[in-house]
Amino acid sequence: MVDFNKGVVSELVLTFLMTFSVLIAVFRGPSNAFVRTWLIILATYVVILLGGAYTGPSLNPAHV
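Now for a description of the structure that goes with this document. (Residues numbered from 1 in each chain as written. Predicted model: local features only at pLDDT ≥ 70, side-chain atom pairs only at ≥ 80, totals over all residues. Heavy atoms only, no water.)

Describing the overall build of the protein
- When helices and strands are counted, the protein shows two helices and zero strands.
- In the protein, which comprises 64 residues, the proportion classed as buried is 17%.
- Pairs at least 24 residues apart make up 66% of the contacts formed inside the protein by residues separated by at least 6 positions. (Helix = DSSP H or I, 4+ residues; strand = E, 2+ residues; numbered from the N terminus. Buried < 20%, exposed > 50% of the residue type's maximum accessible area, 1.4 Å probe, protein only. Contact = heavy atoms within 4.5 Å.)

Structure, rendered in structure tokens:
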């Protein structure tokens with residue numbers, strides 16, 4: 001179980017990182033659509049791996 005403050009901060013930071021990385025990939029990324037798509041997929045995967053212990057089911061009160 002993650003306390004409320006840590007959960008809110010982690011969601012805020014992870015959402016910012018995800019949004020920022022997608023915006024960078026779309027506007028400043030490569031012109032090749034295939035590579036751009038893989039950059040977005042990789043960024044999403046990394047954010048999910050980094051925040052898996054702090055978000056998702058650990059914030060669900062029914063999980064406890």
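More follows now that the structure is in view.
What about a nonpolar patch on the surface?
- Together, V9, V13, F16, L17, F20 and I24 make up a nonpolar patch on the protein surface, roughly 550 Å² of accessible area in all.
- Accessibility expressed as a relative area gives 39% for I24, which makes it partly exposed. (Patch = residues over 30% accessible without salt bridge, like charges linked within 9 Å, V, L, I, M, F, W, Y side chains within 5 Å. Areas by Shrake-Rupley, 256 points an atom, 1.4 Å probe, with all protein chains shown as cover. Salt bridge = Lys/Arg side-chain N within 4 Å of Asp/Glu carboxyl O.)

Some points on the packing of aromatic side chains
- According to the stated counting rule, one finds two aromatic pairs in the structure shown.
- Consider the rings of F16 and F20, whose centres lie 5.7 Å apart with planes at 15°: the pair is stacked. Residue F16 and its partner F20 are both found in helix 1 (residues 4-27); the two are separated by four residues, about one turn of the helix.
- Under the relative-accessibility criterion, F20 is labelled partly exposed at 46%.
- Seen in terms of ring centroids, F34 and W38 are 6.2 Å apart; in terms of plane orientation they differ by 65°. Their pairing is edge-to-face. Of this pair, F34 and W38 both sit in helix 2 (residues 33-51), four residues apart, roughly one helical turn.
- For W38, a relative accessible area of 48% translates into the label partly exposed. (Phe/Tyr/Trp six-rings, centres within 6.5 Å; stacked < 30°, edge-to-face > 60°.)

Brief notes about helix 2
- Taking 1.5 Å of rise per residue, the 19 residues of helix 2 would be expected to cover 27 Å, and the 27 Å separating its terminal C-alpha atoms lies within 8% of that figure.
- Looking only at helix 2, the buried set comprises A43, V47 and G51. Each buried residue of helix 2 lies within a common arc of 45° when the element is viewed along its axis, so the set occupies one face. Away from its buried face by more than 90 degrees, helix 2 exposes F34, L42, Y45, I48 and L49.
- Buried positions along helix 2 lie against helix 1.
- Two or three places before F34, at the opening of helix 2, N32 has a side-chain oxygen 3.1 Å from that residue's backbone nitrogen. (Expected span 1.5 Å × (residues − 1). Arc of directions from axis to C-beta. Polar contact = N/O pair within 3.5 Å; in protein donor to acceptor, adjacent residues only side chain to side chain.)

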